[in-house]
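The chain contents come next:
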Amino acid sequence: MAAAESPTRAKARYSMALPIVIELSNGLFRRPDAIEALLVDLSHGGAAIIVPNDARLKVKKRYRVWLDDHAGIIRTGSIVPHDDTCVRVGVRFERLGLELQELVVDTVQGAQARSSRLSS
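A quick note: this is a predicted structure, and the numbers were derived from the prediction, not measured. Throughout this description, residue numbers start from 1 for each chain and increase along the sequence as written. Since the coordinates come from a predicted model, pLDDT governs what is reported: local features require at least 70, and pairs of side-chain atoms require 80 or more to be given and counted, while whole-chain, interface and lining totals use all residues. Heavy atoms throughout the structure, all of them, feed into the side-chain values; hydrogens and water do not.

## Let's talk about unusual backbone geometry
Line of reasoning, step 1. Even without being a glycine, aspartate 68 presents a positive backbone phi close to 50 degrees.
Line of reasoning, step 2. Only DSSP runs of H or I covering at least 4 residues are called helices, and only runs of E covering at least 2 are called strands; the numbering of each starts at the N terminus. On the secondary structure map, aspartate 68 appears in the loop between β5 (62-67) and β6 (70-81).
Line of reasoning, step 3. Residue exposure (1.4 Å probe, protein chains only): buried if accessible area is under 20% of the type maximum, exposed if over 50%, otherwise partly exposed. Using a relative accessible area of 54% as the deciding quantity, one classes aspartate 68 as exposed.

So, in structure tokens, the structure goes:
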């Protein structure tokens, strides 16, 4: 997994493919829809997620996500078309539970180690 620099995110980004669930609201007092998505790159402060296109996805809005049964809150930064049915959503981590924080840090550290071994 090679690191790639981004003009919008100063930290190194690491490619991966992790299943993630994002909750999209159905209105007050109604259960949100749990939409399956794919986390495709990760850095210390954010990520990119490929998710089916949905009108409820808005820029600069907060959404609850689930990764390996650990909840967190993300804020969308960009939404760009990926293909005919999906969009690529750039997100920033707003609030992560302790277990999810550790999972993100461990995943990034593992990617950094693999990247440094590959480039040596």
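We are not done yet, so read on.
## Points about the pairing of strand β3 (residues 33-42)
Line of reasoning, step 1. We treat two strands as partners when DSSP finds at least two bridges between them. Note that strand β2 (residues 13-24) and β3 share 9 bridges and pair antiparallel. From the neighbouring strand, tyrosine 14 faces β3, where its bridge partner is leucine 42.
Line of reasoning, step 2. Pairing of β3 with strand β4 (residues 46-52) involves 4 bridges; the strand directions are antiparallel. The partner of leucine 42 across the bridge, within β4, is alanine 47.
Line of reasoning, step 3. Counting the residues that bridge the hairpin from β3 to β4 gives 3 residues.

## Focus: the confidence of the model for the chain
Line of reasoning, step 1. Averaged over the chain, the pLDDT score is 82; the fraction of residues at 70 or greater is 78%.
Line of reasoning, step 2. By definition, pLDDT measures how confident the predictor is in each residue, and it falls between 0 and 100. Ranking the elements of the chain by mean pLDDT puts strand β1 (residues 3-4) last, at 41, and β3 first, at 94.

## Focus: the nonpolar core
Line of reasoning, step 1. Residue types Ala, Val, Leu, Ile, Met, Phe, Trp, Tyr and Cys, when buried and joined through side-chain atoms within 4.5 Å, form a set referred to as a nonpolar core. Among the nonpolar cores identified, the biggest contains 22 residues, and Ile20, Ile22, Ile49, Val51, Leu57 and Ile74 are the most heavily contacted of them.
Line of reasoning, step 2. Mapped by element, the contributors of at least two residues to this core are β2, β3, β4, β5 and β7 (86-96).

## Observations concerning the side chain of threonine 76
Line of reasoning, step 1. Position of threonine 76 relative to the elements: it lies in strand β6.
Line of reasoning, step 2. Accessibility expressed as a relative area gives 2% for threonine 76, which makes it buried.
Line of reasoning, step 3. Not counting the four nearest positions on each side in its chain, threonine 76 is found in contact with Lys58, Val59, Lys60, Lys61, Tyr63, Val89, Gly90 and Val91. By definition, residues are in contact when any of their heavy atoms lie within 4.5 Å.

## Some thoughts on the environment of methionine 16
Line of reasoning, step 1. If you trace the backbone, methionine 16 turns up in strand β2.
Line of reasoning, step 2. In sequence terms methionine 16 and valine 40 are 24 residues apart; their C-alpha atoms lie 5.0 Å from each other.

## Quick look at the pattern of salt bridges
Line of reasoning, step 1. Here, a salt bridge means any Lys or Arg side-chain nitrogen found within 4 Å of an Asp or Glu carboxyl oxygen. Within this structure, the stated rule accounts for 6 salt bridges.
Line of reasoning, step 2. The partner of glutamate 94 in a salt bridge is arginine 75, and the shortest N-O contact between them spans 3.0 Å. Linking glutamate 94 in strand β7 with arginine 75 in strand β6, this pair joins segments that are 19 residues apart in sequence.
Line of reasoning, step 3. For glutamate 94, a relative accessible area of 30% puts it in the partly exposed group.

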